[in-house]
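Observations on chain architecture
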Amino acid sequence: MSRTTRMSRSVPGAVAVTAVAALALTACGSGSGASSAAGGGTGKVKVGLITKTDTNPFFVKMKEGAERSAKEHDAQLLTAAGKFDGDNAGQVTAIENMVASGVKGILLTPSDSKAIVPAIEKARAKGVLVIALDTPTDPQRAADALFATDNLHAGELIGEYAKSAMRGKTARIATLDLAPGVSVGVQRHDGFLKGFGIGAEDKSIVCSQDTGGDQAKGQTAMENCLQKDPGINLVYTINEPAALGAYTALKAKGRENDVLIVSVDGGCTGARAVKDGKIAATSQQYPLKMAEQGVDAVVKYAKGGKKASGYTDTGVTLITDKTQTGVTSKDTGFGLKNCWG
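Residue positions are counted from 1 within each chain, in the order its sequence is given. Confidence filtering applies because this is a predicted model: local features only for residues at pLDDT of at least 70, side-chain atom pairs given and counted only at 80 or more, and all residues used for totals across whole chains, interfaces and linings. With hydrogens and water set aside, each side-chain value is computed from the structure's full complement of heavy atoms.

**Notes on the overall build of the protein chain**
Of the regular secondary structure elements, the protein chain holds 11 helices and 12 strands. Taking all 341 residues of the protein chain together, 56% fall into the buried category. The Shrake-Rupley method, run with a 1.4 Å probe, gives the accessible areas here. Residue values count only the displayed protein chains as cover. When the accessible surface of the protein chain is split by element, carbon and sulfur atoms take 50% of a total near 14,200 Å². A run of H or I in DSSP becomes a helix once it reaches four residues, and a run of E becomes a strand once it reaches two; helices and strands are each numbered from the N terminus. We call a residue buried when its accessible area falls under 20% of the maximum for its residue type, exposed when it is over 50%, and partly exposed in between, using a 1.4 Å probe and counting protein chains only.

Next up, the structure:
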């Protein structure tokens, strides 16, 4: 995650919507210009990439992957992003602008998985291939295809790791989650429980707090959990910022060396935290691969008419320097070579 919160936020007032629309238009124009400078021109396949924001390291890496693939295919890449995570209005405007510019396909990380659907339907009705990256639309079939991490599996990997690492100990678990009802957070949480071999109501779960994937909120959540149960010895976190917040809270209590922290994402900050021993293990995902495969799919559609469909798993790898028997993993050398941010 990464790219942290997937919660939707409404845009307050007509003035704000106008500003967002202008932003989206500027983003499309600058994206087109950058692509042209890298090899654009007439007659090239046009591919659109719309991310939640253009500042989050996860989406920066995604854009890098799209640019690289577009260059390899001699395609023209147009890019846009929301002003903030949850900016549905900006993404709708970006879709409309890209369709008007003649793109053959749009790669999209939806900020609001439901609210974006009507704009996607209009684009598809005009023959534009729409592929969701990282975050599925709601319903998932609203887009032609989804290229994303299997978040349930990502959680399951760190759950299996934690179970092995805690062998012989009675676990007292804190889960630092994302937010209610957000699919990515739910899938990672449920995967962790599955991998650890427990149910949602298991008595070993002594505290659960939402963090929004934010480091400061992760620290506060961990402080609250320690007040509730000072004996916590295992912490699952939705992402690495939340994990580092938990580590800070534990260190303040002198507990940083006797509590196991596991997480999901695989950003460079997270991989370094694993190397430094602050996080025991993390499940690494690959935004660059999502975008590369997405561009490939649009070019194939443009040249041969074959549409990508269904779900494509873009992979996940458990990263740790403290291997556990029966749990497949790679070390932080691999993690740092393949991280983002």
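Anyway, onward from the coordinates.
**Side note on the pattern of salt bridges**
Pairs may arise between side chains of opposite charge once their charged atoms sit close together. Here a salt bridge means any side-chain nitrogen of Lys or Arg lying within 4 Å of a carboxyl oxygen belonging to Asp or Glu. Counted by the stated rule, this structure contains nine salt bridges. Lys44 is the partner of Asp74 in a salt bridge, and the nearest nitrogen-oxygen pair spans 2.4 Å. With Asp74 in the loop between α2 (57-73) and β2 (76-81) and Lys44 in the loop between α1 (13-37) and β1 (46-51), the pair connects residues that are 30 residues apart, well separated along the chain.

**Here we look at helix α8 (residues 240-252)**
Expected helix span is given by 1.5 Å per residue-to-residue step, counting one fewer step than there are residues. When the terminal C-alpha atoms of α8 are compared, their 18 Å separation across 13 residues agrees well with the 18 Å that a helix rising 1.5 Å per residue should span. Along α8, the residues that are buried comprise Glu240, Ala242, Ala243, Leu244, Gly245, Ala246, Tyr247, Ala249 and Leu250. Contacts are residue-level and defined by heavy atoms, with any inter-residue pair within 4.5 Å sufficient. Check the buried side of α8 and you find it contacts β6 (173-177), α7 (215-228), β8 (234-237), β9 (260-265), α9 (268-275) and β10 (281-285). If you check the start of α8, you find a side-chain oxygen 3.1 Å away from the backbone N of Ala242, and it comes from Asn239. Think of a polar contact as two N or O atoms within 3.5 Å of one another; within protein, one of them needs to be a possible hydrogen donor and the other a possible acceptor, and neighboring residues in sequence only count if both atoms come from side chains.

**Let's talk about the environment of Ala280**
Here Ala280 lies in the loop between α9 and β10. Taking the relative accessible area as the measure of exposure, Ala280 reaches 13% and is therefore buried. When the C-alpha atoms of Ala280 and Val262 are compared, they prove to be 5.7 Å apart, with 18 residues separating the residues in sequence. Among residues more than four places away in sequence, those in contact with Ala280 are Tyr161, Leu260, Ile261, Val274, Ile319 and Thr320.

**Examining the packing of aromatic side chains**
When the centres of two rings from Phe, Tyr and Trp lie within 6.5 Å, Trp using its six-membered ring, the rings pair. Their planes under 30 degrees apart give stacked, over 60 give edge-to-face, and anything left gives tilted. In this structure the tally under the stated criterion is four aromatic pairs. When the centroid spacing of 5.5 Å and the interplanar angle of 90° are considered together, the rings of Phe58 and Phe59 count as edge-to-face. Given the relative accessible area of 0%, Phe58 is considered buried. With relative accessibility at 2%, the residue Phe59 sits in the buried group. Taking the centre distance of 5.0 Å and the plane angle of 90° together, the rings of Phe58 and Trp340 count as edge-to-face. You can see Phe58 sitting in helix α2 and its partner Trp340 sitting in the segment after α11 (332-337), a full 282 residues away along the chain.

**Side note on the side chain of Ser113**
Structurally, the position occupied by Ser113 is in the loop between β3 (105-108) and α4 (117-125). Among the polar contacts listed, one links the side chain of Ser113 to the backbone oxygen of Pro136, at a separation of 2.8 Å. Every residue in contact with Ser113, bar those within four places of it in the chain, is listed here: Thr135, Pro136, Thr137 and Asp138.

**Some details on the sheet that holds strand β12 (residues 316-319)**
Here, any two strands with at least 2 DSSP bridges between them count as paired. The strand order across the open sheet built from six strands is β7-β6-β8-β9-β10-β12, with neighbouring strands paired in mixed fashion. In this open sheet, the two edge strands, each paired with only one partner strand, are β7 (205-210) and β12. Taken pair by pair, the neighbouring strands of this sheet meet at an average axis angle of 15°, ignoring direction. Sheet topology places β8 next to β9; three bridges connect them, and they run parallel. Whenever a helix is involved, its axis is fitted only over the stretch in contact; in every case the axis is a line through C-alpha atoms, and angles between N-to-C directions fall within 0 to 180 degrees.

**Thoughts on unusual backbone geometry**
Among all residues save glycine, negative phi is the norm, and among peptide bonds the norm is trans. Cis peptide bonds are those with omega within 30 degrees of zero, and the linkage from Asp138 to Pro139 qualifies with 5°. Relative to the elements of secondary structure, Pro139 occurs in the loop between β4 (129-133) and β5 (145-148). At Asp134, a position not held by glycine, the phi torsion is positive, near 70°. Position of Asp134 among the secondary structure elements: in the loop between β4 and β5. Residue class for Asp134 comes out buried when judged on its relative accessible area of 1%. Not every positive phi belongs to a glycine, and Asp265 is a case in point at roughly 150°. With respect to the secondary-structure elements, Asp265 resides in strand β9.

**Some remarks on the packing of helix α3 (residues 88-101) against α4**
In a pair of packed helices, the angle between the axes and the distance between the axes together describe the arrangement. For the pair α3 and α4, the least separation of the axes is 9 Å and the interaxial angle reads 10°. Classified by the angle their axes make, α3 and α4 are roughly parallel. Here Val92, Ile95 and Val99 of α3 lie close against α4, whose contacting residues are Ala119, Ile120 and Ala123. Charged residues are taken to be Asp, Glu, Lys and Arg, nonpolar residues to be Ala, Val, Leu, Ile, Met, Phe, Trp, Tyr, Cys and Pro, and polar residues to be all remaining types, Gly included. Class assignment for the residues of the contact of α3 with α4 results in six nonpolar, no polar and no charged. By definition in this entry, angles of less than 35 degrees are roughly parallel, angles greater than 145 are roughly antiparallel, angles of 65 to 115 are roughly perpendicular, and the rest are oblique.

**Details of the packing of α2 against helix α10 (residues 287-304)**
Two elements in contact, α2 and α10, have axes separated by 7 Å at closest approach and are oriented at 35°. Between α2 and α10 the crossing geometry is right-handed. Across from Phe58, Lys61, Met62, Glu64, Gly65, Ala66, Arg68, Ser69, Ala70 and His73 in α2, the residues of α10 making contact are Pro287, Leu288, Met290, Ala291, Glu292, Val295, Asp296, Val299 and Lys303. Taken together, the residues of the contact of α2 with α10 break down into 10 nonpolar, three polar and six charged. Should the near helix be turned counterclockwise from the far one by less than a right angle, the crossing is left-handed, whereas a clockwise turn marks it as right-handed.

**As for the state of the cysteines**
Disulfides are defined as cysteine sulfur pairs within 2.5 Å. Under the defined criterion, the tally for this structure stands at two disulfides. Note that Cys207 is cross-linked by a disulfide to Cys225, the S-S spacing being 2.1 Å. Disulfide Cys207-Cys225: torsion about the S-S bond near -75°, hence left-handed. Remark: Cys225 occurs in helix α7 and Cys207 occurs in strand β7; sequence separation between them is 18 residues. Two residues, Cys268 and Cys339, share a disulfide whose sulfurs are 2.0 Å apart. Between Cys268 and Cys339, the disulfide has an S-S torsion of 90° and is therefore right-handed. Within this pair, whereas Cys268 is found in helix α9, its partner Cys339 is found in the segment after α11, the two being separated by 71 residues in sequence. Under the relative-accessibility criterion, Cys268 is labelled buried at 8%. When the cysteines of the protein chain that form disulfides are numbered from the N-terminus onward, they connect as 1-2, 3-4.

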